[in-house]
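Architecture at a glance
Here are the chains, one letter per residue:
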Amino acid sequence: MPSTTPLPLASRAWRLLAVLGCVGVLLVGGLTRSNDLFPFGVLDQFSTGTDPNGEVVNTCLQGVREGEEPFDIPFGQRTVGIERADVENNLRSIEADPQLLAPLAAEHDRRHPEQPPLDALMLCQRITTLKDGTAHGEDEFVEVVRWEAP
């Protein structure tokens, strides 16, 4: 038979604080449209599907060194210190101020001291056209914004 004795005040207070804390984190994540507090963020990448005859846009980074061809730099904590979704969430700000790419270039240089520093960092997009849900034709490469080393 279940107990009918009420919970002590400390137990009720702790549970209430835990619930309020979770609700607060969910509200902050939703209102700021940030994934910083994952898994309590907006998770909008799961909210829509892709048109089987539409396009898939893949945001990418490319580094440039003097005398070399541009090369792909993967997003992540081990390369530039930030994930792709975080860059995509701030795309408008980065387009307005390419200097926001400078910390990514500095982080890449710091993590790869054996290589010459970057002269430029490009935020780009590879756009894949879909036909009946599969890739059709060549990807389109678009340079969104470029940061140049001073």
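Description of the structure in this document. (Residues numbered from 1 in each chain as written. Predicted model: local features only at pLDDT ≥ 70, side-chain atom pairs only at ≥ 80, totals over all residues. Heavy atoms only, no water.)

Re the overall build of the chain
Counting its regular elements, the chain contains four helices and five strands. If you list the helices and strands of the chain from N to C, you get α-β-β-α-α-α-β-β-β. For the chain, the proportion of its 150 residues judged to be buried stands at 27%. In the chain, once contacts between residues fewer than 6 apart in sequence are set aside, the share between residues at least 24 apart is 57%. For the chain, the exposed area adds up to about 10400 Å²; of that, 57% sits on carbon and sulfur atoms. (Helix = DSSP H or I, 4+ residues; strand = E, 2+ residues; numbered from the N terminus. Buried < 20%, exposed > 50% of the residue type's maximum accessible area, 1.4 Å probe, protein only. Contact = heavy atoms within 4.5 Å. Areas by Shrake-Rupley, 256 points an atom, 1.4 Å probe, with all protein chains shown as cover.)

Comments concerning the state of the cysteines
Under the definition given, this model contains one disulfide. Through a disulfide, Cys60 is tied to Cys124; the S-S separation comes to 2.4 Å. Highlighted residues: Cys60 in strand β1 (residues 55-64) and Cys124 in strand β3 (residues 120-131), separated in sequence by 64 residues. In this structure, Cys60 and Cys124 share a single accessibility class: buried. (Disulfide = S-S within 2.5 Å.)

Quick word on the pattern of salt bridges
In total, this model carries six salt bridges according to the counting rule given. The closest approach of N and O atoms between Glu88 and Arg84, which form a salt bridge, is 3.7 Å. On the criterion of helical spacing, the pair formed by Glu88 and Arg84 is a turn pair, its members being four residues apart in helix α2 (residues 84-89). Of the residues examined, Arg84 reaches a relative accessible area of 35% and is grouped as partly exposed. Note that Glu148 is salt-bridged to Arg146, the shortest N-O span being 3.4 Å. Residue classification places Arg146 among the partly exposed residues on the basis of a relative accessible area of 33%. (Salt bridge = Lys/Arg side-chain N within 4 Å of Asp/Glu carboxyl O.)

Some points on helix α4 (residues 102-111)
Listed as buried for α4 are Ala102, Leu104, Ala105, Glu107 and His108. Against β1, β2 (71-73), α2, β3 and β5 (140-148) lie the buried residues of α4.

Brief notes about the nonpolar core
The biggest cluster of nonpolar side chains holds 16 residues, and the ones touching the most others in it are Leu61, Leu101, Leu104, Leu121 and Leu123. Elements with a contribution of two residues or more to this core: α3 (91-96), α4, β3 and β5. Of all the elements, α4 adds the most residues to this core, at three residues. (Core = buried A, V, L, I, M, F, W, Y, C linked by side-chain atoms within 4.5 Å.)

Here we look at the pairing of β3
Burial within β3 is extensive, with nine of its 12 residues counted as buried. Alignment of β1 against β3, held across 10 bridges, turns out to be antiparallel. Within β3, the residue paired with Gly63 across the bridge is Leu121. Sheet topology places β3 next to strand β4 (residues 134-135); two bridges connect them, and they run antiparallel. Bridged to Leu130 within β4 is Ala135. (Pairing = 2+ DSSP bridges.)

Description of unusual backbone geometry
Notably, Asp132 is not glycine yet its phi reads approximately 55°, a positive angle. Here Asp132 lies in the loop between β3 and β4. For Asp132, a relative accessible area of 63% corresponds to the exposed category.

Re the environment of Asp109
You can see Asp109 is positioned in helix α4. For the pair formed by Asp109 and Thr79, sequence separation is 30 residues and the distance between their alpha carbons is 8.8 Å.

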